[in-house]
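Below are the chains, spelled out letter by letter.
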Amino acid sequence: MAGYLLKNCAAVIIDEGNGPAVRRNVDLLTDGPAIQAIGANLAAETLPAGTIVQDATGWFVYPGLVNTHHHFFQCFVRNRADLDWTKLSVIEWLDRIYPIFSRLNEDCFYHSSVTAMAEMIKHGCTTAFDHQYCFPRHAGKRLIDRQFEAAELFGMRFHAGRGGNTLPKSEGSTIPDAMLETTDEFIADCARLIDSYHDASPFSMRQVVVAPCQPVNCYRETFVESVALARDRGVFLHTHVGEGESHVIEARHGMRTVDYCTELGFAGPDTFYAHCWELTHDELRKMAASGTGVSHCPEPVYLVGAEVTDIPAMSAFNLRIGLGCDGAASNDNSNLMHCIHSAYMLQCLAASTRAHPVPPPADFLDYATTGGASLLGRRDIGRLAPGMAADLFAIDTRRMDYVGTRHDPLSLIAKVGIGMPTDLTMINGRIVWQAGEFTGLDESKLFADAEAALATVEF
């Protein structure tokens, strides 16, 4: 693999383990999958053979974004005004939309993953976690295998959350029978995927997370067995928590969701929850004490119109925080870059109602980089420094969009927002997107193939 010298960068966001800082007018050198050096005037004649020099004049270079919650398959169920959930509870909305999810076939899961990954890469995301919990019987069991296939197509770093639902609708879930699995078949397929794909080595491109969909739609034993498998195999755990279901869990089990998951062992430094917008401060403190992390997905909060996730309290209690796009059925895009700006603005909206101050704008970039890496248990991604993975994106700031903003690269994305694709996205030392094109791929063909797969489903 060729190395790259990004020459004359206007700014590079570095983090050598002591927090992010801005280095001005420097070069960045990669060698294979890793960053080799960041500094001024790196001499071209001393570079490894085959190094490609890239003019980076005017560029702000950032660590690649790390997405920590998504549902790729929902890219085929978006921009549907008839499914507007602003007048529904989350549980009511799930009752309406799950029957639509159940119609997707295997090709839909592949091409929707291609669709989501393409948009994420265009907007600086280099590592993606997806929570794939939709397994219609007619679609078979190889849906996550196809997601790994899509990730390999782009060269994207991919963490697959093998989700599933086991509680029948007749016992209080929102799941159509066509999407149900038994606990045994769910656990067996998690084990198969771990054995087939999970790679814990440095710069790993493939990992697997055991991720039962949510406590409200699964038997207790599903979560117990998930914990046992994950701890035995040394992989991470994930589920939805604090997303409007706490009162249901309390009615069933006599305790709210955080206590329920904690009692089952589904908590700890190897565990992260999605959403958590309805949690109390005491529940947040319990999560912080156990080391459990949270993937904050700002876009669904707008749709629900209820509690605004208390990021200031989470920050004050030292919870590990990452950011996620969430599924397109509740976001309609896969742009994690936009979520940084959206997350910050959402907290500003609720600032006067909070006991703790809104974290600085730069912290929201941190949630999407080092925070996301922490949730996924990765020490080799999420920041730019020698020895770290060469995962990055670059923005040419020599545009009218950025006049008056260039003095503070750390706050730029959260405060101002980036309204266009990156000028370059690099993953594991390989340029995968540059100057409006995917390296070695024909976007028009990807589009046509995805649209054709979508047309096979009647909604």
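Notes on the structure in this doc start here. Predicted model, so just to flag it, every value in this text is computed and none were measured. (Residues numbered from 1 in each chain as written. Predicted model: local features only at pLDDT ≥ 70, side-chain atom pairs only at ≥ 80, totals over all residues. Heavy atoms only, no water.)

Observations concerning the overall build of the protein
From N to C terminus, the protein includes 14 helices and 17 strands. In summary, the protein has a C-alpha radius of gyration of 21 Å against a globular reference of 23 Å for 459 residues, a match within 12%. Judged by the C-alpha coordinates and their principal axes, the protein covers about 70 × 50 × 45 Å. Within the protein, the fraction of its 459 residues that count as buried is 61%. Summarising the internal contacts of the protein: among those between residues at least 6 apart in sequence, 76% fall at separations of at least 24. A total accessible area of about 16,600 Å² is found for the protein, and carbon and sulfur atoms account for 51% of it. Computing the positive centroid from 36 side-chain charges and the negative centroid from 56, the protein places the two 2 Å apart. (Helix = DSSP H or I, 4+ residues; strand = E, 2+ residues; numbered from the N terminus. Rg over C-alpha atoms; globule rule 2.2 N^0.38 Å. Buried < 20%, exposed > 50% of the residue type's maximum accessible area, 1.4 Å probe, protein only. Contact = heavy atoms within 4.5 Å. Areas by Shrake-Rupley, 256 points an atom, 1.4 Å probe, with all protein chains shown as cover. Lys, Arg positive; Asp, Glu negative; His and termini not counted. Charge placed at Lys NZ, Arg CZ, Asp CG, Glu CD.)

Side note on the packing of aromatic side chains
Taken as a whole, this structure holds 15 aromatic pairs when the rule is applied. Ring geometry for Phe73 and Tyr133: centres 5.4 Å apart, planes at 85 degrees, overall edge-to-face. Placement of Phe73 in the loop between strand 6 (65-67) and helix 1 (90-101) and of Tyr133 in the loop between strand 7 (125-132) and helix 3 (143-154) is noted, with a sequence separation of 60 residues between them. Residues Phe73 and Tyr133 agree in their burial class; the two are buried. Aromatic side chains Tyr98 and Phe101 sit 5.6 Å apart centroid to centroid with 85 degrees between the ring planes, which places their arrangement in the edge-to-face category. One end of the pair is Tyr98 and the other is Phe101, both in helix 1 and three residues apart, which spans about a single turn. The residues Tyr98 and Phe101 share a single accessibility class, namely buried. Taken together, the ring pairs in this structure connect Phe73, Tyr98, Phe101, Phe109 and Tyr133 into an aromatic cluster. Lying over the aromatic face of Phe135, Arg162 brings its terminal NZ or CZ to 3.7 Å of the ring centre. (Phe/Tyr/Trp six-rings, centres within 6.5 Å; stacked < 30°, edge-to-face > 60°. Lys NZ or Arg CZ within 6 Å of the ring centre and 35° of its normal.)

Observations concerning the pairing of strand 1 (residues 4-14)
Most of strand 1 is tucked away, with nine of its eleven residues classed as buried. Relative to strand 5 (residues 59-63), strand 1 is paired through two bridges, and the arrangement is parallel. Bridge pairing in strand 5 places Val12 opposite Val61. (Pairing = 2+ DSSP bridges.)

A few points about the packing of helix 11 (residues 336-350) against helix 12 (residues 361-375)
Two quantities define a packed helix pair, namely the angle between the helix axes and the distance between the axes. Packing of helix 11 against helix 12 leaves a shortest axis separation of 9 Å and a crossing angle of 135 degrees. Here helix 11 lies oblique to helix 12, going by the angle between them. Handedness of the helix 11/helix 12 crossing: right-handed. Between helix 11 and helix 12, the contacting residues are Ile340, Ala343, Tyr344 and Gln347 on the first element and Pro361, Phe364, Leu365 and Ala368 on the second. Residue composition of the contact of helix 11 with helix 12, grouped by class: seven nonpolar, one polar and no charged. (Axes fitted to C-alpha atoms, helices over the stretch in contact; angles between N-to-C directions. Parallel < 35°, antiparallel > 145°, perpendicular 65-115°, else oblique. Left-handed = near helix turned anticlockwise from the far one by under 90°. Nonpolar A, V, L, I, M, F, W, Y, C, P; charged D, E, K, R; others polar.)

Considering the pattern of salt bridges
On inspection of all chains with the given rule, the structure shows 28 salt bridges. Residue Asp95 pairs with Lys169 through a salt bridge whose shortest N-O separation is 3.7 Å. Taken together, the residues Asp95 in helix 1 and Lys169 in the loop between strand 8 (157-162) and helix 4 (183-197) connect sequence positions 74 residues apart. Assessed through its relative accessible area of 30%, Asp95 is described here as partly exposed. We note a salt bridge from Asp391 to Arg157, for which the minimum N-O separation is 2.9 Å. Of this pair, Asp391 sits in the loop between helix 12 and strand 14 (392-396) while Arg157 sits in strand 8, placing them 234 residues apart in sequence. (Salt bridge = Lys/Arg side-chain N within 4 Å of Asp/Glu carboxyl O.)

A look at the side chain of Asn165
Looking at the secondary structure, you find Asn165 in the loop between strand 8 and helix 4. Among the polar contacts listed, one links the side chain of Asn165 to the backbone oxygen of Tyr133, at a separation of 3.4 Å. Other than its neighbours up to four places away in sequence, Asn165 contacts Tyr98, Tyr133, Ile175, Met179, Leu180, Glu181, Cys213, Asn217 and Cys218. (Polar contact = N/O pair within 3.5 Å; in protein donor to acceptor, adjacent residues only side chain to side chain.)

A short note on helix 12
An α-helical segment advances 3.6 residues per turn. Residues three or four places apart therefore align on the same side. Between its first and last C-alpha atoms helix 12 spans 20 Å; for 15 residues at 1.5 Å apiece the expected length is 21 Å, and the two agree. The principal kink in helix 12, of about 45 degrees, is found at Tyr367. Most of helix 12 is tucked away, with eleven of its 15 residues classed as buried. Listed in full, the buried residues belonging to helix 12 are Pro361, Ala362, Phe364, Leu365, Tyr367, Ala368, Thr369, Gly371, Gly372, Ala373 and Leu375. Backbone geometry just downstream of helix 12 places Gly377 in the positive-phi region, at approximately 75 degrees. (Expected span 1.5 Å × (residues − 1). Bend = angle between axes of the 7 residues up to and from the residue.)

Comments concerning unusual backbone geometry
Within the chain, Asn41 stands out as a residue other than glycine whose phi angle is a positive 55 degrees. One non-glycine residue, Cys276, lies in the positive phi region at around 65 degrees. Turning to its location among the elements, Cys276 is positioned in the loop between strand 11 (271-275) and helix 8 (281-290). Cys276 gets classed as buried once you look at its relative accessible area, which sits at 2%.

What to know about the side chain of Gln207
Examined against the element boundaries, Gln207 turns out to sit in strand 9 (residues 206-210). Assessed through its relative accessible area of 10%, Gln207 is described here as buried. Other than its neighbours up to four places away in sequence, Gln207 contacts Phe148, Phe158, His159, Ala160, His198, Asp199, Ala200, Leu376 and Arg378.

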